[in-house]
Amino acid sequence: LAHELTHAIFYTHAEYRRASELVFQGLSQDEQEFFKLFLEWKDYEVLDRYLLINEFQSYVLQQPEERVESYFRTYTIRQMRAEVRGSADLLTRIS
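Residues numbered from 1 in each chain as written. Predicted model: local features only at pLDDT ≥ 70, side-chain atom pairs only at ≥ 80, totals over all residues. Heavy atoms only, no water.

Novice: Describe the packing of aromatic side chains, and please don't skip the residues or the numbers.
Specialist: Each aromatic ring pair is described using two quantities: the centre-to-centre distance and the angle formed by the ring planes. One pass over the full model with this rule turns up 15 aromatic pairs. Centre to centre, the rings of Phe10 and Tyr50 are 5.1 Å apart; their planes meet at 70°, and the pair counts as edge-to-face. Placement of the pair is Phe10 in helix α1 (residues 2-12) and Tyr50 in helix α4 (residues 49-61), with a sequence separation of 40 residues. For Phe10, a relative accessible area of 2% puts it in the buried group. On the basis of relative accessible area, Tyr50 is assigned to the partly exposed category, the value being 40%. An aromatic cluster of at least three residues, connected via ring pairs, comprises Phe24, Phe34, Phe35, Phe38, Trp41, Tyr44, Phe56, Tyr59, Tyr71, Phe72 and Tyr75. (Phe/Tyr/Trp six-rings, centres within 6.5 Å; stacked < 30°, edge-to-face > 60°. Helix = DSSP H or I, 4+ residues; strand = E, 2+ residues; numbered from the N terminus. Buried < 20%, exposed > 50% of the residue type's maximum accessible area, 1.4 Å probe, protein only.)

See below:
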């Protein structure tokens, strides 16, 4: 439910959208590429910048702050290594 609620906030609040964009821009190049790869893996169209930022903020905020890093760096990367071809270098750098 938290994931969907963050979509509602993103859709209805321009300042929140701008803040989400700034957070994404503040990520390292590898972190941005990881999120694009992650969302492609989830079958999202990452060339759509609005969708990219909207899904980025939703996936980051859908779990408690103290679990975000382990969700992506441990759980998600482990799955992606097994399923996403050609991503080993990026996943190694990001983990």
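Next comes the rest of the write-up.
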